[in-house]
Every structure is written in structure tokens, then in C-alpha cells.
Amino acid sequence: MLTKRIIPCLDVRNRKVTKGVKFQNNIDLGDPIEMAVAYSDGGCDELVFYDITASAQGRPIDIEMVKEVAKAVHIPFAVGGGIRNLDDMRKVLLAGAEKVSVNSLAVLNPNIIAEGAKQFGSQCIVLGMDPVKVEKSEKFPSGYEITTQGFRTRTGLDALEWTKKAQDLGVGEIVVNSVDADGTQAGFELNLTRMISENVDIPVVASGGAGTCQHLIDVFIEGKADAAIIASMIHTGKFTIKQIKDELIKAEIPIRKKW
Amino acid sequence: MITIIDYKAGNLTSVQLAFESIGQKVKITDKPEEILCAKKIVFPGVGAAKAAMDSLKELKLIEPIRQKIAEGVPFLGICIGMQVLFESSEEDGGTQCLGILPGKVKKFKSPDKSCKIPQIGWNTVKIASKHPIFENIDDQSEFYFVDSFYPDCADKKDMIGQTQYADANFASVAGNKNLVSTQFHPERSGRIGLRLLENFTRWDGTLATENTEDTEK
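Every chain is numbered independently, its residues counted from 1 as its sequence is written. The order in which chains are written sets their letters, starting at A; the order in which ligands are written sets their numbers, starting at 1. Totals for whole chains, interfaces and linings use all residues, but because this is a predicted model, local features are given only for residues with pLDDT of at least 70 and pairs of side-chain atoms are given and counted only at 80 or more.

**With respect to the overall build of chain B**
Here is step 1: The helix and strand labels rest on DSSP assignments: H or I over at least four residues marks a helix, E over at least two residues marks a strand, and numbering proceeds from the N terminus. Counting its secondary structure elements, chain B contains six helices and 13 strands.
Here is step 2: Expressed as lengths along the three principal axes of its C-alpha atoms, the size of chain B is roughly 50 × 40 × 30 Å.
Here is step 3: Burial statistics for chain B: of 217 residues in total, 50% are counted as buried.
Here is step 4: Considering only contacts within chain B whose residues lie at least 6 apart along the sequence, 69% involve residues at least 24 apart. For the exposure call, what matters is how many other C-beta atoms sit within 10 Å of a residue's own: 20 or more marks it buried, 12 or fewer exposed, and in between partly exposed, using C-beta atoms placed from the backbone. By the criterion used throughout, residues are in contact when their C-beta atoms, derived from the backbone, lie within 7 Å.

Structure, rendered in C-alpha cells:
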């Protein structure tokens with residue numbers, strides 16, 4: 001049976017893993033390579049790295065780091081942040097990443113999804129999106145608006161319409177990162193995840209809000225997510241991946257048991 | 001030395017790094033003459049079957065591949081490198097493939113919305129018949145899959161590992177004699193995946209008992 005994936009997210013700033021709440025007040029947590037190895041050995045199913053300052057500093061993504069990760073772990077990992085064009089995508093994939101994640105770039109230039117999918121295959125192209133709750137209206141029938149730059153820029157795009165468009169363009173997987181829940185450890189935004197998941201045929205990864213094992217159980221059952229991103233709950237040492245997986249197995253969620 | 005065939009069907013970095021991490025020397029090549037002197041061959045690939053076949057033709061790699069498999073050289077196909085070994089694929093409106101393994105490659109049909117296509121993630125592999133590449137690997141271990149299509153073996157004796165997804169209970173590992181192939185990506189399947197690759201590097205291409213009984217249910 002296909003298992004639900006648990007994906008630690010490593011936000012990287014100046015070669016250090018960092019974590020904030022709602023994209024603010026970041027503190028440094030450790031070395032990205034060491035943490036990747038520890039989580040992979042601990043049984044995580046995949047990893048995602050975001051170079052969170054590349055965009056703001058107008059520099060390309062840290063390719064040397066991607067190469068080091070690829071040498072150190074042999075599970076799939078995605079890389080995002082600071083992808084500016086097809087050439088950046090190619091570099092990340094050739095460095096050994098399984099997937100490349102675009103967010104702001106795709107909002108500015110949706111065609112990058114189609115071009116990336118054609119060049120490298122849909123399975124390599126992940127769309128990250130940061131929806132925020134708004135009043136339901138004609139403009140926002142789903143009740144969620146897509147933001148970029150960590151909530152700072154509103155795009156005027158309805159979350160569900162954007163999702164469907166991205167699927168049509170050939171994206172392979174969608175990461176739904178709830179801005180309202182990010183870093184709060186108060187639970188995933190289940191309605192949002194479920195709405196997106198029920199309306200696409202491609203896998204949906206829930207992100208933002210994981211704080212307890214029950215949150216993960218909820219997002220897999222009620223939120224209908226195919227995978228879930230976790231950060232604070234393991235970065236702080238509150239849980240190990242093994243503990244999380246044991247709880248999910250007790251709740252009869254299909255989970256990878258051997259590693 | 002492991003020879004990896006580069007036929008422009010996707011990125012070979014992770015395959016290369018996986019073999020290097022278990023201490024193997026790797027040669028990546030698209031040259032027929034280099035493939036003809038290979039001692040162990042890995043035939044990876046992602047993407048579409050038709051593009052893969054077109055590229056194999058253009059690079060004149062089909063005959064060298066057939067010859068090496070016939071010679072008894074240990075040969076490992078991965079993902080698209082597995083699918084093109086079969087007779088044909090439903091992909092791209094029907095694609096003629098190499099026909100080295102009998103059977104067709106079919107598209108998953110999802111019974112409902114909750115079953116996404118492509119299959120992306122870790123799925124269990126049931127060992128259908130004992131094989132050297134499963135040495136020290138538990139039955140029902142999980143491996144990493146990314147696929148919309150699956151091989152349907154015409155000869156059930158070729159089924160070495162079996163996986164269930166969507167409407168299919170398919171051969172996630174298939175082969176015979178010196179040929180073995182996986183639908184999943186061992187190079188992305190963590191330590192257990194590396195163990196499978198290590199088993200392949202140790203394998204001389206022969207099977208302990210040629211009359212391996214089919215243990216399928």
C-alpha cells in the first residue's frame with residue numbers, strides 16, 4: 001500500500017537551518033547536512049529545503065549545499081527558494097535533488113511550470129503555495145487568496161483556481177502551506193488542505209501547523225493529504241520521527257515502517 | 001565498475017551518487033562500444049517511454065543492450081529503464097518497446113479521487129520469488145516509486161516483486177536470468193535501496209536454482 005509521507009522541512013539561511021513563526025523571528029537550529037542525515041536515518045520519507053534568503057538577496061540558490069545533501073542522503077528531497085528560471089531548475093536537479101519547488105516565480109510566470117515539466121518531467125516540478133484566508137467573494141470563491149514573499153505580497157489569485165491552473169500546466173505535486181498556521185504548532189488548516197486535495201488528481205502535501213501526532217493523523221484523514229511537512233515539532237526535539245510514526249501506525253495510517 | 005547507460009532519459013546524478021556511496025566506481029556512457037565492454041550494466045531513466053525509445057534508437061544503443069543481456073551480463077533496469085524492456089507501453093498512444101520481457105506496460109486507473117496518479121511515494125514490495133537482489137531485504141519492505149504506468153508481465157515467472165496500487169497488482173520487480181528490473185527507484189529508497197544496489201553489484205547474473213518455483217499466491 002502506498003504510504004503517507006512525513007517530510008521534515010529545513011528552512012536554510014546562510015547555511016544554517018532556521019525556524020520562525022509565520023515567517024518571522026527566526027532562530028538558527030543547526031547544520032543542514034547533519035540534520036538531513038539525522039532525519040533520514042531517523043526514518044523520514046523525504047526532505048525539503050528552502051533557501052529562504054536567496055530571493056530577498058537576489059542571489060541564486062546554494063548549489064553546493066544541494067550537492068552535499070545529495071551525497072549524504074539517499075531519499076528524495078526537494079529544493080526551493082531562489083529559483084529564477086529553467087537554468088536554475090536544471091542546476092538543482094543535476095546537483096541531485098529529486099524535485100524543485102517554485103512559488104513566487106510561478107505566480108509571476110506560470111509558464112515556467114509547463115516549461116519545467118516538459119524539460120524535466122512533471123514529477124520534478126513542485127508548486128509551493130502560501131494561501132491566506134479571506135472573505136469568500138466572487139474574486140475568491142474558495143475563500144483563500146495566494147500570497148507570496150511569506151505573506152507580504154497578495155497576488156489577487158484565488159487558491160483553488162490557481163491550483164487547477166497549475167495542475168493543467170503540468171505540475172507534479174502541490175505543497176499547500178497555510179500562512180495562518182505556519183510555525184504555530186496549533187494544527188494544520190484541514191479545510192484548506194481537503195479542499196485542494198479533493199479538487200486535484202496529483203498528490204497534495206500539507207504544510208504549516210504541525211505540532212502533535214494527532215495533527216498529522218487529522219491532516220491525513222480529514223485533510224486528505226498525501227504527505228505532510230513537519231518542522232518545529234521535530235526541530236525542537238519534542239518528537240522523533242520514530243515516535244511520530246509509531247503514533248500514526250497505531251491510528252492505522254499507512255506509514256513506511258522499515259528504513 | 002558499474003556502467004550506467006545515459007540515453008538522455010532524465011537525471012543520473014542520484015543513481016551515480018548511490019553507487020559511489022557503496023564504494024563502486026561508475027562509468028556513465030552513451031557510447032555503444034563502451035556498453036559492449038561493460039561487466040555490469042545499469043539502465044535507469046525517468047520520463048516517457050516514447051522519448052526513451054526514440055533516444056535509444058538515435059544513439060544506436062538497442063543492439064548493444066540486446067547483445068549484453070544475451071551474453072549474460074548482470075543488467076539492472078530502473079523505472080523507464082524497466083518499462084522499455086517490455087513489448088509495448090500504453091504511453092503516448094502506444095509505444096513499441098524492446099520486447100525483451102513479455103508483457104505490456106499499462107496506465108494505472110484510479111478507482112476514486114483519493115488514489116492519485118502518478119503514484120508518488122513509498123510502497124511495499126512483496127517478494128514474489130527469491131532473488132539475489134533481495135538478499136538481506138525483508139519481505140514487504142518499502143521502496144520509493146514515481147510512476148503513472150506499470151508493467152504487466154505476460155509470463156508470471158518473470159515477476160520477482162509485487163506491489164499494489166490503484167487498479168493494479170503489478171510486477172514492481174521483474175526479470176529472468178541475468179536481467180532484473182525495478183519499477184521503483186532503489187537509488188532513492190534509503191538504506192534498503194542501497195542494499196538492493198549492493199546486492200546487484202555482488203551478483204554474477206546467475207540464479208541459484210533455475211527452476212525457482214513461483215511463490216505467487
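**Side note on the overall build of chain A**
Here is step 1: Broken down by element type, chain A carries 11 helices and 12 strands.
Here is step 2: The principal-axis extent of the C-alpha atoms belonging to chain A is close to 45 × 40 × 40 Å.
Here is step 3: With 259 residues in all, chain A has 57% of them scored as buried.
Here is step 4: Of the contacts made within chain A by residues no fewer than 6 positions apart, 62% connect residues no fewer than 24 positions apart.

**With respect to the sheet that holds strand 5 (residues 88-89) of chain B**
Residues and elements named next belong to chain B.
Here is step 1: Pairing between two strands requires that DSSP report at least two bridges joining them. Spatially, 6-5-7-10 is the arrangement adopted by the four strands of the open sheet, whose pairing is mixed. Strand pairing shows two members of the sheet lacking a second neighbour, strand 6 (95-96) and strand 10 (149-153), which therefore form its edges.
Here is step 2: Pairing of strand 7 (residues 103-107) with strand 10, which is carried by five bridges, proceeds in the antiparallel orientation. Within strand 10, the residue paired with valine 105 across the bridge is proline 151.

**Topic: the sheet that holds strand 2 (residues 26-29) of chain B**
Residue and element names in this part refer to chain B.
Here is step 1: The strand order across the open sheet formed by nine strands is 2-1-3-4-13-12-11-8-9, and the pairing between neighbours is mixed. With partners counted over all chains shown, the strands left at the sheet margins are strand 2 and strand 9 (141-147), one partner each. Geometrically, the sheet is characterised by an average inter-axis angle of 30 degrees between neighbouring strands, direction not taken into account.
Here is step 2: Here an axis means a line fitted to C-alpha atoms, over the contact stretch when the element is a helix, while the angle between two N-to-C directions is reported on a 0 to 180 degree scale. Packing of helix 1 (residues 13-21) onto the sheet brings it into contact with strand 1 (2-5), strand 2 and strand 3 (41-43), and relative to strand 2 it is tilted by some 160 degrees.

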